[in-house]
Amino acid sequence: MRLILGGARSGKSRFAEQSIMAQVQEPSNLYYVATAAAGDKEMQARITRHKQDRGPSWHTREVSTALAATLSGIGDTNNQVLVDCLTLWISNCLHAGCWPQERDLLLQEIDRQLAQGRSPNWTFVSNEVGSGIVPLGQLSRDFVDASGWLHQALAERCQQVTLVVAGLPLSLKGEL
């Protein structure tokens, strides 16, 4: 499992996709778990562009909150699964009022996989939001806190953690 962090437009998603494509032996086993919702025309255009950029090799699953259940359903260790992006998923869960439950379900699913001796090929992409100023509003602080705590929990479980800045990957844990 891998965690790829970076700021907005840092190149983290492109790095994740390219890393997976470089390792994949069977392109029919590529899964893209997208957490973005098309709330307006601009976001719909982004989603469409990203799908076109990825090409037809990727099986896309659109998930707003039930990430653990989705991963469990495609958790075959032969599959390469890219989850993009965790911070959008956190935001979705906070707004739906299900964050603690969904977070716990995700970590439990990861722990279950690891306890069974599996090392699923899951790559998580997320925005590093803890490097800025402390937000003034409670919802913003809750979001930053949730992101930071989840990133720490995932970094502990993942074999590889990478920070991407200006398109350049920096290994924080494991090798690139």
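This write-up is about the structure you can find in this document. (Residues numbered from 1 in each chain as written. Predicted model: local features only at pLDDT ≥ 70, side-chain atom pairs only at ≥ 80, totals over all residues. Heavy atoms only, no water.)

Moving on: the pairing of strand E3 (residues 58–62). Residues in a regular strand point their side chains to alternate faces of the sheet. Across five bridges, strand E2 (residues 30–34) lies against E3 in parallel orientation. Pairing of Leu30 across the sheet is with Trp58, part of E3. Once the chain exits E2 it traverses helix H2 (residues 41–54) before rejoining the sheet at E3, and the crossover so formed is right-handed. (Pairing = 2+ DSSP bridges. Helix = DSSP H or I, 4+ residues; strand = E, 2+ residues; numbered from the N terminus. Right-handed = clockwise from strand over helix to strand, strands pointing away.)

With that settled, consider the pattern of salt bridges. Per the counting criterion, the structure on display carries five salt bridges. Measuring nitrogen to oxygen at the nearest pair gives 2.7 Å for the salt bridge that ties Arg112 to Glu109. Taken together, the residues Arg112 and Glu109, both in helix H5 (residues 99–115) and three residues apart, mark about one turn of the helix. Of the residues examined, Arg112 reaches a relative accessible area of 33% and is grouped as partly exposed. The partner of Asp111 in a salt bridge is Arg157, and the shortest N-O contact between them spans 2.7 Å. Of the two residues, Asp111 is situated in helix H5 and Arg157 in helix H6 (residues 138–157); the sequence distance between them amounts to 46 residues. (Salt bridge = Lys/Arg side-chain N within 4 Å of Asp/Glu carboxyl O. Buried < 20%, exposed > 50% of the residue type's maximum accessible area, 1.4 Å probe, protein only.)

Attention now moves to the packing of aromatic side chains. In the structure shown here, the tally under the stated rule is three aromatic pairs. Measuring from centroid to centroid gives 5.9 Å for Tyr32 and Trp58, while their planes differ by 85°, and the two rings are edge-to-face. Residue Tyr32 is located in strand E2, and its partner Trp58 is located in strand E3; the two are separated by 26 residues in the primary sequence. Assigned by exposure class, Tyr32 and Trp58 land together as buried. An angle of 80° between the planes, with centres 6.4 Å apart, marks the rings of Trp122 and Phe124 as edge-to-face. Geometry around Tyr32 places Arg54 over its ring, the cationic atom sitting 3.5 Å from the centre. (Phe/Tyr/Trp six-rings, centres within 6.5 Å; stacked < 30°, edge-to-face > 60°. Lys NZ or Arg CZ within 6 Å of the ring centre and 35° of its normal.)

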